[in-house]
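Listed below, chain by chain, are the residues.
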Amino acid sequence: MAAPEIELHEVLLAEPRGFCAGVDRAIEIVERALKKFGAPIYVRHEIVHNTYVVNDLKAKGAIFIEDLAEVPPGATLVFSAHGVSRAVRDEATRRGFSIFDATCPLVTKVHVEVAKLHKEGYDFIMIGHKGHPEVEGTMGQLDGGIYLVDDVADVEALVLPQTERLAVVTQTTLSVDDAAEILAAVKRRFPKVREPKKQDICYATQNRQDAVKVLAPSVDVVIVVGSPTSSNSNRLQELAQRLGTPAYMVDQPDDLQAEWLEGKRRIGLTAGASAPDILVRQVIERLRSLGAVSVRTLEGVQESVHFPLPMGLGDKSMAGLG
């Protein structure tokens, strides 16, 4: 069978794309812990949802586990960027591990809000995807009184014990548009519901989705660099498709299929918040090998957010470990 005829001319890069401050911080926590304490360092759940990142850290001595029973006494344990339930946190403390928390500070903000309002007698509706570790971590801040909705139909089916003191929280990596639609349905059913003071969906998720809204109408196909387990990467692919542009996700450069590019002259490229820049560069090289002759970055938001490291892993504590 003859190879498809491809006439690529230009690759347009979304801006911003790739790593966010929370992912940068989480990976740095594991790398610094390895440097300071030596291998192995145990990490509960994938530190971020990206195959390349996880394999890179495994090669450096990180061991990824789901059950704390797999961690030997006295070991160093890192909680992933997605956050953990109160029960997991309590068990880890009880087992005496040396713990470093790589939970994204924006997820921690949601946990703090839930704990605070719970003390004031609030129940919660959480907008998010069932089974996602961030959702499990947030819902696990309470023993009950928090109800998950994945779509508008879930909202309509809700039966709540009380609606006078009701608040809504959101998984940070959702589609901005989907979350707004579900929130509108919540407000229709429960007009007194309390919304977060500030949108729970993180700045990086919002910015990357906004960048795809600019990118998708300007190209013939969108390629998203990201792993299948990455919620925010999946949302970027869905958003491009919703805007009428064919879109595909690649976990590594070899996943890119020449057939996707047949007859496409302008290719859009973005990356989820957990996808490293090295993969973007490798995908660009793959596109060049398939005929792309130029790469141009679109104008977009310049991000300058930086989150501090936990006590014990900051710059002063690492002095002399270079």
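Source: prediction; values computed, not measured.

**Concerning the overall build of the protein**
In terms of helices and strands, the protein carries ten helices and twelve strands. Here the protein has a C-alpha radius of gyration of 21 Å; the compact-globule value for 322 residues is 20 Å, and the two agree. Taking the principal axes of the C-alpha coordinates as reference, the protein spans close to 60 × 55 × 40 Å. Taken across its 322 residues, the protein has 51% of its residues classed as buried. Put simply, 75% of the contacts in the protein that link residues at least 6 apart link residues at least 24 apart. Only carbon and sulfur atoms are counted for the fraction: they give 52% of the accessible area of the protein, which is about 14,800 Å². Across the protein, the 36 positively charged side chains and the 44 negatively charged ones have centroids separated by 6 Å.

**With respect to the layout of surface pockets**
There is about 230 Å³ of room inside the largest pocket. Residue lining of the largest pocket: 19 residues in total, with Phe19, Cys20, Ala21, Asp24 and Val305 positioned closest to the centre. Secondary-structure elements contributing two or more residues to the lining of the largest pocket are α1 (21-37) and α8 (203-215). The element best represented in the lining of the largest pocket is α1, accounting for four residues. Taken together, the residues that form the lining of the largest pocket break down as nine nonpolar, three polar and seven charged.

**Details of helix α10 (residues 277-289)**
One full turn of an α-helix is made of 3.6 residues, so residues set three or four places apart face in the same direction. The end-to-end C-alpha distance of α10 is 19 Å, a good match for the 18 Å that 13 residues give at a rise of 1.5 Å each. Buried within α10 are the following residues: Leu279, Val280, Val283, Ile284 and Leu287. In an axial view of α10, the angular spread of the buried residues amounts to 145°, which keeps them on one side of the axis. Those residues of α10 that are buried are in contact with β1 (10-13), α2 (51-60), β9 (221-225), β10 (247-250), β11 (266-271) and β12 (294-297). Following α10 by one or two positions, Gly291 has its phi on the positive side, about 120°.

**A word on empty space enclosed by the protein**
Applying the stated criterion to the full structure yields two cavities of 30 Å³ or more. If you add up the space inside the largest cavity, you get close to 260 Å³. Every residue lining the largest cavity is counted, 20 residues in all, and those nearest its centre are Val23, His82, Thr172, Thr173 and Asn232. Of all the secondary structure elements, the ones that give two or more residues to the lining of the largest cavity are α1 and α9 (231-242). Taken together, the residues that form the lining of the largest cavity break down as eight nonpolar, eleven polar and one charged. When its volume is computed, the second largest cavity comes out at roughly 50 Å³. Around the second largest cavity, the lining residues are Ser175, Asp177, Gln209, Lys213, Arg235, Glu238, Leu239 and Arg242. Those elements giving two or more residues to the lining of the second largest cavity turn out to be α8 and α9. Ranked by residue count, the leading element in the lining of the second largest cavity is α9, at four residues. Its residues assigned to classes, the lining of the second largest cavity comprises one nonpolar, two polar and five charged.

**A word on the environment of Gly38**
Examined against the element boundaries, Gly38 turns out to sit in the loop between α1 and β2 (41-44). The partly exposed category is assigned to Gly38, whose relative accessible area is 24%.

**What about α8?**
A rise of 1.5 Å per residue sets the reference length of α8, with its 13 residues, at 18 Å; its end C-alpha atoms lie 18 Å apart and thus fit the reference within 8%. If you check which residues of α8 are buried, you get Ala204, Thr205, Asn207, Arg208, Gln209, Ala211, Val212 and Leu215. Among the structural elements, β1, α7 (176-189), β9, α9 and β11 are those in contact with the buried residues of α8.

**Notes on the side chain of Thr270**
Tracing the backbone shows Thr270 in strand β11. Thr270 sits in the buried class, given a relative accessible area of 0%. When neighbours within four sequence positions are excluded, Thr270 is seen to be in contact with Ala14, Pro16, Arg17, Val212, Leu215, Ile223, Val224, Val225 and Leu236.

What counts and what doesn't
Residues numbered from 1 in each chain as written. Predicted model: local features only at pLDDT ≥ 70, side-chain atom pairs only at ≥ 80, totals over all residues. Heavy atoms only, no water. Helix = DSSP H or I, 4+ residues; strand = E, 2+ residues; numbered from the N terminus. Rg over C-alpha atoms; globule rule 2.2 N^0.38 Å. Buried < 20%, exposed > 50% of the residue type's maximum accessible area, 1.4 Å probe, protein only. Contact = heavy atoms within 4.5 Å. Areas by Shrake-Rupley, 256 points an atom, 1.4 Å probe, with all protein chains shown as cover. Lys, Arg positive; Asp, Glu negative; His and termini not counted. Charge placed at Lys NZ, Arg CZ, Asp CG, Glu CD. 1 Å grid on protein atoms, 1.4 Å probe; cavity = no way out; pocket = protein on both sides within 12 Å on 5 of 7 lines; lining within 4 Å. Points joined across faces, edges and corners; volume = space filled by probe spheres on them. Nonpolar A, V, L, I, M, F, W, Y, C, P; charged D, E, K, R; others polar. Expected span 1.5 Å × (residues − 1). Arc of directions from axis to C-beta.

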